[in-house]
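# Structure assessment
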Amino acid sequence: MRKTLIFVITLMTAMTTRADEGMWLPSLISQRIADMQEKGFRLEAEDIYSINQASLKDAVVLFGRGCTGELISPEGLLLTNHHCGYGQIQQHSSVEHDYLKDGFWAMNRSEELPNKGLTVSFLERMDDVTAQVLKGYTPDMTEEQRVELVKKNSQALIDEAVKEGKGLRATVEALYYGNQYFLFLYREYADVRLVGAPPSSIGKFGGDTDNWMWPRHTGDFSMFRIYADKDNNPAPYSMDNVPYRPKKYFHISTKGVQEGDFTFIYGFPGRTQEYIHSEGVRYIEEIGDPHKIHLRTLRLDIMNKHQAESQKVRIQYSSKNANVSNAWKKWQGEVKGIKKMKTVQTKKEFEKAFAKWAEGREFDGVISKIESIYAELEPYQFATDYYSETVRTIEVANFAMSTARLFREDGFDKAKATELAETFYKDWYLPIDKESFIAVMNEYEKNVPADFKPIYYKEKLASYGSIETWAEDIFTNSIFVDPAKVNALKDEDKAMVMADPAVEFFNEFLKWYTYEIQPVTTRLNQDLQLAYRDYMRGQMVYCRTRRVPKAFYPDANLTLRVAYGHIKGYTPADGTYYLPSSTIKGIMEKDNPDIFDYNIPQRLRDIYATKDYGRWADASGEVPVCFIATNHTTGGNSGSPVINADGDLIGLNFDRVWEGTMSDIVFDPEICRNIALDVRYVLFTIEKIGGAGYLLNEMTFTE
Ligand code: ARG
Ligand code: ASP
């Protein structure tokens, strides 16, 4: 009796949507608004999302294809993270104009820098289109047929939706594993110019040492401006374009934040897997993450060594290094978090109870079905993970293949090849690539079972005798290690290029993956998708009938979401409590000339010495820098506005605390915190460090 009771209680706590967990759909926010208001929010659902009037959603954009940004002036001024604008800042940088190192500020509109390929997307509206997407579906269809049908119906909806105006783009996304479908209609702007960025010693202060960590002191922001044609419509870059006039922009609150204050994040979270089966979690915890971490450790050690030796290489690999190290560090926190939460065990217990309950019901057998699919999938998943973390990371091989693809029916696309080569060689350093090849391919040899290696690979390795000799061949004999040879390529060279060792390496692996691995993973993932669709619905029915008070929200899929919570510290370990905010004082405490990541700009030192903070000091007399809150966020939420109870901007989301990075799989309200940049530090930096205080004139402050 006692045992069952304890069991039910554990189950309930495990399954209950804990305070602050959740990424809610803005169009359905009326279902949450009472809870939000109870927690302190003072606006209405229509203020968050409306298709009849301007609402906060009109001030939020998908920045590129993986970050969020927000409008902060009636003249198209946009705020996002430094790490989101990093690629653009780096593209404009060279040893002579090192905007990464020194920062950049346009002192007037004509100095704002255009960015090829960068777009921002506003959500016009989102609609539940489940019925239309599944029109013609019959239960006797296979999953493959269903996928085809969904694709066809979705395309028709998309074609119809984008007819309505200029620059429209639409997607249809599955929610709850395809139990529901939504159409998202975006207006996409392609003339987005860089307005400013702080020096990396502010924008990336703490670098990878502090990444995913609290206490944090990173001034992680950059500024852009959206340009439109004279009618405010999207248009490609043109000198004639004018600043975009948003339907809505954020007003800025400089009042400051207190522990317990209501906060709300509006942005584009990328991917979560909150409802997955224990086997999926076990693979991540015990196999996928540990192997990927190890492979990246090898590559990072190599990059770091060479970057420390040369300023040129440091710039060339800054962005690449940050990308590799970001997930590398996150996975380590994730594994720890999953272990600590005993997620596999908790899920197993739930699955057992669920399976028993499901007997004789619609969901009978779904648990064991998922288990058997995972068992079949595992070696293929492992091979895929290795392929993407080894072969696919060899830079010269990627570049060689991209160039080889430019030999088309009607000849070699010389112009495109020249452009590609220019971009590639600007940031490529052969010793790093070569040493990485040797390091990761040796791991590949050691850890991937023979049955899951291409025949090509095995024969090649036998003929070379070692990975080192193989590397020697590619990095000495491939024409792609020599810019002069690449620039001399002509129509007749196709056969030679296809036989090049770098092209061959990439291409043979690609063929193997495409013909031997991918078809199996696609089939199994479709089976899995189908089983999950039932399991997802099953979890909902189960919780309802067993009266488990759980509110379900769809997993993140890079669509606009609302997350709300409050400002709160946490206890990362026994005997320690972290306060929820940091100040400029902490930057000075971290000061250490021996650690590159803790390099402080002289200007900031001077200001600190004289306490010349202007209007940016808080009650303690220091300038606030970052704060943490309980909002449920993930990758993609970077750059998201952090909004107070009145709908005003108080900060800029950019990270999560390391101990809480398992929140993509399991959310712990005690530990999971998002990290935000205090908007006052943004303003302080623009004015006092950047000397671009003129930009503040176009903003609206609430007090
Ligand atoms: N961890 C943050 C996110 O996932 C910031 C990453 C950029 N910063 C870095 N040092 N790599 O995007
Ligand atoms: N830093 C992440 C991003 O770039 C945010 C996160 O994972 O918490 O979106």
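Residues numbered from 1 in each chain as written. Chains lettered and ligands numbered in written order. Predicted model: local features only at pLDDT ≥ 70, side-chain atom pairs only at ≥ 80, totals over all residues. Heavy atoms only, no water.

With that settled, consider the site of ligand 1. Every residue close to ligand 1 is listed here: His 83, Lys 204, Gly 207, Asp 208, Asn 211, Trp 212, Ala 322, Asn 326, Ser 638, Phe 654 and Asp 655. Within the side chain of Asp 208, one N or O atom sits 2.8 Å away from a nitrogen atom of ligand 1. Here a nitrogen atom of ligand 1 and a side-chain polar atom of Asn 211 are 2.8 Å apart. Those elements that provide at least two residues to the shell around ligand 1 are α9 (207-210), α11 (311-341) and β19 (649-656). Taken together, the residues of the shell around ligand 1 sort by class into 3 nonpolar, 5 polar and 3 charged. (Near = heavy atom within 4 Å. Polar contact = N/O pair within 3.5 Å; in protein donor to acceptor, adjacent residues only side chain to side chain. Helix = DSSP H or I, 4+ residues; strand = E, 2+ residues; numbered from the N terminus. Nonpolar A, V, L, I, M, F, W, Y, C, P; charged D, E, K, R; others polar.)

This brings us to unusual backbone geometry. Residues Trp 214 and Pro 215 are joined by a peptide bond in cis, for which omega reads 0°. One can find Pro 215 in the loop between α9 and β10 (222-228). Non-glycine residue Arg 547 carries a positive phi angle of around 55°. Mapping Arg 547 onto the fold places it in the loop between α21 (501-545) and β15 (561-566). The class for Arg 547 is exposed, based on a relative accessible area of 69%. In the Ramachandran plot, Lys 611 falls in the positive-phi region, its phi being about 55° despite a non-glycine side chain. By the secondary structure assignment, Lys 611 is in the loop between α23 (602-610) and β17 (624-629). (Buried < 20%, exposed > 50% of the residue type's maximum accessible area, 1.4 Å probe, protein only.)

Moving on, we come to the sheet that holds β15. Across the sheet, which stays open at both edges, the 7 strands sit in the order β15-β12-β18-β19-β20-β17-β16 with antiparallel pairing between neighbours. Edge positions in the sheet fall to β15 and β16 (581-583), since each of these pairs with one other strand and no more. Geometrically, the sheet is characterised by an average inter-axis angle of 30° between neighbouring strands, direction not taken into account. In this fold helix α24 (residues 679-689) packs onto β17, β19 and β20 (674-678), with an angle of close to 40° to the strand it touches most, β20. (Pairing = 2+ DSSP bridges. Axes fitted to C-alpha atoms, helices over the stretch in contact; angles between N-to-C directions. Contact = heavy atoms within 4.5 Å.)

Looking now at the layout of surface pockets. Where empty space is left in the structure can be found by rolling a water-sized probe over the atoms. There is about 1400 Å³ of room inside the second largest pocket. For the second largest pocket, the lining is made up of 44 residues, of which Gln 90, Gln 91, Lys 320, Thr 423 and Asp 427 are closest to its centre. Of all the secondary structure elements, the ones that give two or more residues to the lining of the second largest pocket are α4 (82-91), α10 (278-309), α11, α13 (366-389), α14 (395-404), α15 (414-426) and α16 (430-447). For the lining of the second largest pocket, the element with the most residues is α15, which contributes 7 residues. Of the residues in the lining of the second largest pocket, the class split is 12 nonpolar, 18 polar and 14 charged. (1 Å grid on protein atoms, 1.4 Å probe; cavity = no way out; pocket = protein on both sides within 12 Å on 5 of 7 lines; lining within 4 Å. Points joined across faces, edges and corners; volume = space filled by probe spheres on them.)

What follows concerns the environment of Ser 368. If you trace the backbone, Ser 368 turns up in helix α13. Expressed as a C-alpha distance, the spacing of Ser 368 and Lys 485, which sit 117 residues apart in the sequence, is 57 Å. Within polar-contact distance, the side chain of Ser 368 engages the backbone oxygen of Gly 365 at 3.1 Å.

Per the stated rule, a full pass over the model turns up 1 disulfide. Two residues, Cys 67 and Cys 84, share a disulfide whose sulfurs are 2.1 Å apart. Judged by the sign of its S-S torsion, about -75°, the cystine formed by Cys 67 and Cys 84 is left-handed. Taken together, the positions of Cys 67 in strand β2 (residues 67-71) and Cys 84 in helix α4 put the pair 17 residues apart, joining distant regions of the chain. In this structure, Cys 67 and Cys 84 share a single accessibility class: buried. No disulfide involves Cys 543; its sulfur sits 19 Å from that of Cys 672, the nearest cysteine. With a relative accessible area of 2%, Cys 543 lands in the buried category. (Disulfide = S-S within 2.5 Å.)

Moving on, we come to the site of ligand 2. Near ligand 2, the surroundings consist of His 83, Trp 212, Thr 634, Gly 635, Gly 636, Asn 637, Ser 638, Phe 654, Asp 655 and Arg 656. Interatomic distance of 2.4 Å between a side-chain N/O atom of Ser 638 and an oxygen atom of ligand 2. About the coverage of ligand 2: the protein hides 92% of its 270 Å² of free accessible area. Top element by residues in the shell around ligand 2 is β19. It accounts for 3 residues. When grouped by side-chain class, the residues that make up the shell around ligand 2 number 2 nonpolar, 6 polar and 2 charged. (Areas by Shrake-Rupley, 256 points an atom, 1.4 Å probe, with all protein chains shown as cover.)

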